[in-house]
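Below are the chains, spelled out letter by letter.
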There are 2 protein chains.
Amino acid sequence: MSESTNATLAPAWIAVDWGSSNLRAWALDADDRVIAEASAPRGMLGLAPEAYEGVLLEAVGDWLPAAPPTEVLVCGMAGARQGWVEAAYLPLDAGANDTLGRLGGRLTPVTTRDARLRVRIVPGLCQHAMPDGGEAFDVMRGEETQLSGLVARHPDFSGAVCLPGTHAKWARLEAGRITGFTTFMSGELYQLLSQDSVLKHSLHADDLDDAAQRAAYLDGVDTAMAAPGRLSAELFGIRARDLLDASLPRDARRGERLAARLSGLVLGLELAGATATLAPGSPVVLIGAEALCRRYRIALAHRGFTVDVHANADMILAGLGRIHRATPPATP
Amino acid sequence: MSESTNATLAPAWIAVDWGSSNLRAWALDADDRVIAEASAPRGMLGLAPEAYEGVLLEAVGDWLPAAPPTEVLVCGMAGARQGWVEAAYLPLDAGANDTLGRLGGRLTPVTTRDARLRVRIVPGLCQHAMPDGGEAFDVMRGEETQLSGLVARHPDFSGAVCLPGTHAKWARLEAGRITGFTTFMSGELYQLLSQDSVLKHSLHADDLDDAAQRAAYLDGVDTAMAAPGRLSAELFGIRARDLLDASLPRDARRGERLAARLSGLVLGLELAGATATLAPGSPVVLIGAEALCRRYRIALAHRGFTVDVHANADMILAGLGRIHRATPPATP
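Residues numbered from 1 in each chain as written. Chains lettered and ligands numbered in written order. Predicted model: local features only at pLDDT ≥ 70, side-chain atom pairs only at ≥ 80, totals over all residues. Heavy atoms only, no water.

## As for the interface of chain A and chain B
Between chain A and chain B, the residue contacts involve 42 residues of the former and 43 residues of the latter. With both sides pooled, the region where chain A packs onto chain B buries about 3400 Å², and carbon together with sulfur makes up 75% of that total. In terms of surface lost to chain B, no three residues of chain A exceed Phe 137, Phe 236 and Leu 244 of chain A, which account for 21% of the buried area on that side. If you look at where chain A meets chain B, you find eight residue pairs in polar contact (both at pLDDT 80 or more). Elements represented by at least two residues in the side of chain A that touches chain B include exactly strand S8 (125-127), strand S9 (138-140), strand S12 (177-184), helix H4 (186-196), helix H6 (231-244) and helix H7 (252-274) of chain A. The element that contributes the greatest number of residues to the side of chain A that touches chain B is H6 of chain A, accounting for eleven residues. For the side of chain A that touches chain B, the per-class residue count stands at 21 nonpolar, twelve polar and nine charged. (Contact = heavy atoms within 4.5 Å. Buried area = accessible area lost by both parts, 1.4 Å probe. Polar contact = N/O pair within 3.5 Å; in protein donor to acceptor, adjacent residues only side chain to side chain. Helix = DSSP H or I, 4+ residues; strand = E, 2+ residues; numbered from the N terminus. Nonpolar A, V, L, I, M, F, W, Y, C, P; charged D, E, K, R; others polar.)

Structure follows, in structure tokens:
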């Protein structure tokens, strides 16, 4: 690393998405254009608080001029209680207030040893149960930034937004304001069932490009949506089909179809709950990783919804950009 | 072990329930009265086929006279493909045939090195999917013997029978004949969620004798039954409540109530499916371990069903007794 390199780069600010397992960082110029990128497989689950600064410097140290300090805006699990520094949840105000628009005023500063850094962490959102039962206790951390990015791009957005993942979030937005959200543990449920349950013996990695696997997947979606109460019976049915169903091929395709069916059942259970209040054919925005969004898109389109997919990184950068512009300058 | 001891005991036959994790054996006289019992923590999951005979002899060897060979009737997972010797499933005939009454004619003999043993294994039942969708692929192994025991005690029994466990079975009987059954993976689902998911940090062993825990349990049952499609959202809600719910106590009672709620949610999902076709207030027979049956009984009674509980061991002995009496003598 040489001073000339730093002088060449000199980002206006740095955006960081720091999750449970990974760190992604972008150097941005004064017009929020990406001038450099970095990533590392180091997330909250494997880091003690005192390790964060070193990991961040390994990723972005080359971008930093000696002075003045560079703004680093962090979203995600780095702000969890078990993360770098806890960034207290901002309570969702389902009424008139624009909760997403207030994120920039509620950043948590982090004290660093390296004077070239000025780090602040975006809060997650929490939702308290409503006496009328209309909303339930819930939390998100990281997704609020992506939702803020969606609103930065589409200021008056209204509708349902789904952010697939280990814990999928379904948010409701009205005229650019978040009015409520629900987390579904489907991703974790699928992992547990496919890796740790009796079903693991019956499964083989699926591929929805295959017509038979896609049909098995969609049959799983339809089955779970039609009778969500039978879910734990349909789960054991995967095992029973493996033992008894003579129509299944006797090679890897057997496990592929059963894995596709399991994936469909678990997602169908989520859709039974998440789409219950949506009008038929209404639009759903997906924000997330490409492969997982594709899986959701196939199921939602099959069920008649209109689907629009936005890439994860785009929404994070748009969201951190909006928060960065709304942020009062840090006082040294 | 002395010959005189053997001569004193000399059982007419031996009943064995050999499951995934445990073996239980009973020595019976000519009137099917229990004259000795044994058990061992050795089941299918930890035994290679060649190890079964030695484990059986450790448990019952003291009971065996030198001659003639003693009948040993085995039910359970020892007859699985991964067990001692595979005892092929008997296909359930939902029509006029008495499937449970035919178990004794379909035993699988096991060749043993020790000439004092004459071992035979009871088949499990399999159910093939019906074109009309009325039944689905399913299997049971061990529970068929308990159902046979129920019919031995109540020859014209009609109604719903639930056998709780890792994979709970719900069977439908008409005039002593089984007409169909459904397996729910709820027990395994609860284990995965409570031991391996993000929820494990929020839980503490529950006790339904405590009024607040019982209320949390029943609220979980009602919540899942009212909206089974929201199950994976309610699961994450356990975590969110732990983070946010100010009404929960800040000590171990917090985790106890959340564990009770989780247990209620998972059982409620099962009951949503299993009781959907039962008339309000109709009777449900439970066969199983005491603590688990109690948990089911509390939920079923709360939902208005009439519950009758039968002990596991009683039904196994009655079932193996019925099968033993119906068994053609083994030919050497």
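## Digging into the nonpolar core
Within soluble globular proteins, side chains that are nonpolar generally end up buried alongside one another. Counting residues in each nonpolar core, the largest one holds 47 residues, and the members touching the most others are Leu 193, Leu 235 and Leu 262 of chain A together with Leu 193, Leu 199, Leu 235 and Leu 262 of chain B. Listed by contribution, the elements that provide at least two residues to this core are H4, H6 and H7 of chain A together with helix H4 (186-196), helix H6 (231-244) and helix H7 (252-274) of chain B. Excluding anything up to four places from it in sequence, Leu 262 of chain B contacts Tyr 190, Leu 193, Ser 194, Leu 199, Leu 203, Leu 235 and Ile 238 of chain B. (Core = buried A, V, L, I, M, F, W, Y, C linked by side-chain atoms within 4.5 Å. Buried < 20%, exposed > 50% of the residue type's maximum accessible area, 1.4 Å probe, protein only.)

## Re empty space enclosed by the protein
By the definition in use, this model includes one cavity of 30 Å³ or more. Of the volumes computed, that of the largest cavity is approximately 30 Å³. Looking at side-chain class alone, the lining of the largest cavity contains three nonpolar, two polar and one charged residues. (1 Å grid on protein atoms, 1.4 Å probe; cavity = no way out; pocket = protein on both sides within 12 Å on 5 of 7 lines; lining within 4 Å. Points joined across faces, edges and corners; volume = space filled by probe spheres on them.)

## Focus on the pattern of salt bridges
Tallying each qualifying case throughout the model produces 32 salt bridges over all chains. Glu 71 of chain B serves as the salt-bridge partner of Arg 120 of chain B, at 3.1 Å between the closest nitrogen and oxygen. Of the two residues, Arg 120 of chain B is situated in strand S7 (residues 117-121) and Glu 71 of chain B in strand S4 (residues 70-75); the sequence distance between them amounts to 49 residues. Per residue, the accessibility class of Arg 120 of chain B equals that of Glu 71 of chain B, and both read buried. The salt bridge partner of Arg 116 of chain B is Asp 114 of chain B, with a shortest N-O separation of 2.9 Å. Residue classification places Asp 114 of chain B among the buried residues on the basis of a relative accessible area of 17%. Where salt bridges share partners, they join Asp 219, Arg 230, Glu 234 and Arg 261 of chain A into one cluster. (Salt bridge = Lys/Arg side-chain N within 4 Å of Asp/Glu carboxyl O.)

## Comments concerning the packing of aromatic side chains
The final tally for this structure, using the stated rule, is six aromatic pairs over all chains. Centroid distance Tyr 52 of chain A to Trp 84 of chain A: 5.6 Å. Interplanar angle 15 degrees. Geometry classified as stacked. Taken together, the positions of Tyr 52 of chain A in helix H2 (residues 52-60) and Trp 84 of chain A in the loop between strand S4 (70-75) and strand S5 (90-91) put the pair 32 residues apart, joining distant regions of the chain. A relative accessible area of 0% places Tyr 52 of chain A in the buried class. Ring centres 4.9 Å apart and planes at 55 degrees place the aromatic pair Trp 18 of chain B and Tyr 52 of chain B in the tilted group. Of the two residues, Trp 18 of chain B is situated in strand S1 (residues 13-18) and Tyr 52 of chain B in helix H2 (residues 52-60); the sequence distance between them amounts to 34 residues. (Phe/Tyr/Trp six-rings, centres within 6.5 Å; stacked < 30°, edge-to-face > 60°.)

## Here's the deal with the environment of Asp 98 of chain A
All names here are of chain A. Position of Asp 98 relative to the elements: it lies in the loop between S5 and strand S6 (108-110). For the pair Asp 98 and Leu 208, spaced 110 residues apart in the sequence, the C-alpha separation amounts to 39 Å. The contacts of Asp 98, once residues within four sequence positions are left out, are Gly 176, Arg 177 and Arg 322.

## So, the sheet that holds strand S6 (residues 108-110) of chain B
Residues and elements named next belong to chain B. The sheet built from six strands is open, its strands ordered S3-S2-S1-S4-S7-S6 with mixed pairing. Among the strands making up the open sheet, the edge pair consists of strand S3 (34-40) and S6. Recorded for the sheet is a direction-independent mean angle of 20 degrees between the axes of neighbouring strands. Here S1 pairs with strand S2 (residues 23-28) via six bridges, running antiparallel. Note on S2: the bridge partner recorded for Trp 18 is Leu 23. The strands touched by H2 are S1, S2, S3, S4 and S7; relative to S1, the strand with the most contacts, the crossing angle is about 125 degrees. (Pairing = 2+ DSSP bridges. Axes fitted to C-alpha atoms, helices over the stretch in contact; angles between N-to-C directions.)

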